[in-house]
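Survey of secondary and tertiary structure
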Amino acid sequence: MRLLVSDLTHRYDDLTVLDGIDLTLAEGEILAVIGPSGCGKSTLLGIAGGIVAPTSGSIRVEGEVPDGCLNPITFIFQDFALLPWRTVEDNVALVLEHHPLSSAERRERIDSGLRRMGLWEFRKALPKQLSGGMRQRVGIARALAVRPAMLLLDEPLSALDAQTRELLMDDFLELWRREKTTALYVTHNLDEALRLADRVCVLSRRPGRIRELVTIEEPRERRQEPSAQAHLAEVRDRLWHLMKAEAQMADREIARA
Amino acid sequence: MPDSLNPTAAAAASTMGQPVRFRGGGFTVKRHPWAALAAFAVLIALWEGASRLGLASPLFLPPPSAVAHALSGMVTDGSLWLNLKASLGRIAVGWVLGTAGGMLVGFAMGIFSTARAVGVPLVSAFFPIPKIALLPLFILWFGIGEPSKFATIGFGVFFPTVIATYSAIDSVPRNLIRMAQSFGLPWRSILRSIVLPGALPGILAGFRITASIALILVVAAEMIGAEYGIGAFVLMAGNLMQTDTLLAGVLVLSLLGLAIGTVLSQLERRLLNWR
């Protein structure tokens, strides 16, 4: 599924957070969006997912929805957004409840997601009994249960510690190795962008405009290898150079406000 | 430093370094399971002793033994059950009516902004009225019998339930609702699967408040006009100067309040085990 954003602007009252965003997300592409706090990254994602209404401009999706897809555009949230009163498997079941599925298929969708995320033995546990990493895995299993065509990830690893973040990045890589799900990945972490994305979109400080779109030439599977490091370091420097200036200015503007 | 007065100790300290002194680990609450029980026992013993020694007049402050005797008399002659049944029935009907109505209105106010715009000023206006003041009016409307008591209790329970319910709905995390919307859950499912369970802790906390309001109001209403009921029983005992029976009635009320609180705690533990 492709995503086409054209001349998108969003204002909260007098505050312009996104200004004239033009962006195309190709089928199967993973685009990371980075930028300083308050630049409208999450708003862009909300608009793409239809939970924030844009002030002006258009956002459209094109392309075929794969078989068995129940919710083409699916979120994975920073705070996991799990129902604390439901067990792991019931949290996954929630998003299937309003779909007419046979009980066998319902079961299969829940169980396969739980097994893939290594949650099978925790399926009867409540969220409070799980670590942050496990909770986000429930969020991923829930997203997989609807067989999404496009994933919108809103800083999915920001609430986790460094080791857990590494482990979950591997999970994401595995996921995208198996399924060519298009993804918009919002983060403020350069390492995540460099590990996971095909392209990186750098947003300016508020009002968010596209500063630059950087393509990472190295294929995802090879980025851990020594031969890839020179290219990645170069991209990293470029991204950090772009981000640093914006972040510094954003900081000053926030201090003045 | 006292160590400096002792040269050998000072020398030892300088070569071995100073041991790090434990400075406390923050305030921790220690459990003293027997303290409460002991305090009760001491209080009752003092009270009994004061009475036996003639320090307090048994007419104005009967000893615990006399209260216990009066209570056992209530059990054997059936007056305990007769009066308790009357009070419990009034609490049950009044509380259920007030709670059902209050939750209905509270949900409407929590979900629909129009209902809230209309409801909040009305609730704020009616909530502070001491509901027992309306009993005479309810007696005129519904007669001296049960309905006026149900109405007083129901009315007293209604407003706190409204407030507890709509603030509980406000406290349901918005990110969960957005999540459900992003997965295309219909409005009804969001209400049933997210808003209702998410609001449950606040609603149950409201039950605790309304249960004690119901207890207060039932006693007050029974004192104004009732043949049976713990309130009427206590008033009657007072009129007859039977202070031991009076205190036995008060003891029953205290135990009743305790029992209701325990039931609610069990309910919370059962329903909110996910917290």
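Bear in mind that the values here come from a model prediction, so they are computed numbers and not experimental data.

1. Some words on the packing of helix 9 (residues 187–224) of chain B against helix 11 (residues 243–271) of chain B
All names here are of chain B. Close contact between helix 9 and helix 11 brings their axes to 11 Å; oriented N to C, the two are set at 165 degrees. Taken together, the axis directions place helix 9 and helix 11 in an arrangement best described as roughly antiparallel. Relative to helix 11, the crossing made by helix 9 is right-handed. On helix 11, the residues that touch Leu200, Leu204, Phe207, Arg208, Ala211, Ser212, Leu215 and Val219 of helix 9 are Leu253, Leu256, Gly257, Ile260, Leu264, Leu267, Glu268 and Leu271. Residue composition of the contact of helix 9 with helix 11, by class: twelve nonpolar, two polar and two charged.

2. Some points on the packing of helix 4 (residues 79–111) of chain B against helix 9 of chain B
Residues and elements named next belong to chain B. Two numbers describe how helix 4 lies on helix 9: the axes approach to 9 Å, and their chain directions differ by 135 degrees. Of the possible angle classes, the one that applies to helix 4 and helix 9 is oblique. The two elements helix 4 and helix 9 meet at a crossing, and its hand is right-handed. Residue-level contacts link Ser87, Arg90, Ile91, Gly94, Trp95, Gly98, Thr99 and Met103 of helix 4 to Ile203, Thr210, Ala211, Ala214, Leu215, Val218 and Glu222 of helix 9. For the contact of helix 4 with helix 9, the class distribution of residues is eight nonpolar, five polar and two charged.

3. Re the environment of Leu232 of chain A
Residue and element names in this part refer to chain A. You can see Leu232 is positioned in helix 7 (residues 229–256). By the C-beta count within 10 Å, which is 17 here, Leu232 ends up partly exposed. Measuring from C-alpha to C-alpha, the distance between Leu232 and Glu217 comes to 8.8 Å, with 15 residues separating the pair along the chain. Contacts of Leu232, omitting those with residues within four sequence positions, involve Leu194, Glu218 and Arg223.

Conventions adopted
Residues numbered from 1 in each chain as written. Chains lettered and ligands numbered in written order. Predicted model: local features only at pLDDT ≥ 70, side-chain atom pairs only at ≥ 80, totals over all residues. Axes fitted to C-alpha atoms, helices over the stretch in contact; angles between N-to-C directions. Helix = DSSP H or I, 4+ residues; strand = E, 2+ residues; numbered from the N terminus. Parallel < 35°, antiparallel > 145°, perpendicular 65-115°, else oblique. Left-handed = near helix turned anticlockwise from the far one by under 90°. Contact = placed C-beta atoms within 7 Å. Nonpolar A, V, L, I, M, F, W, Y, C, P; charged D, E, K, R; others polar. Buried ≥ 20, exposed ≤ 12 C-beta atoms within 10 Å, placed from the backbone.

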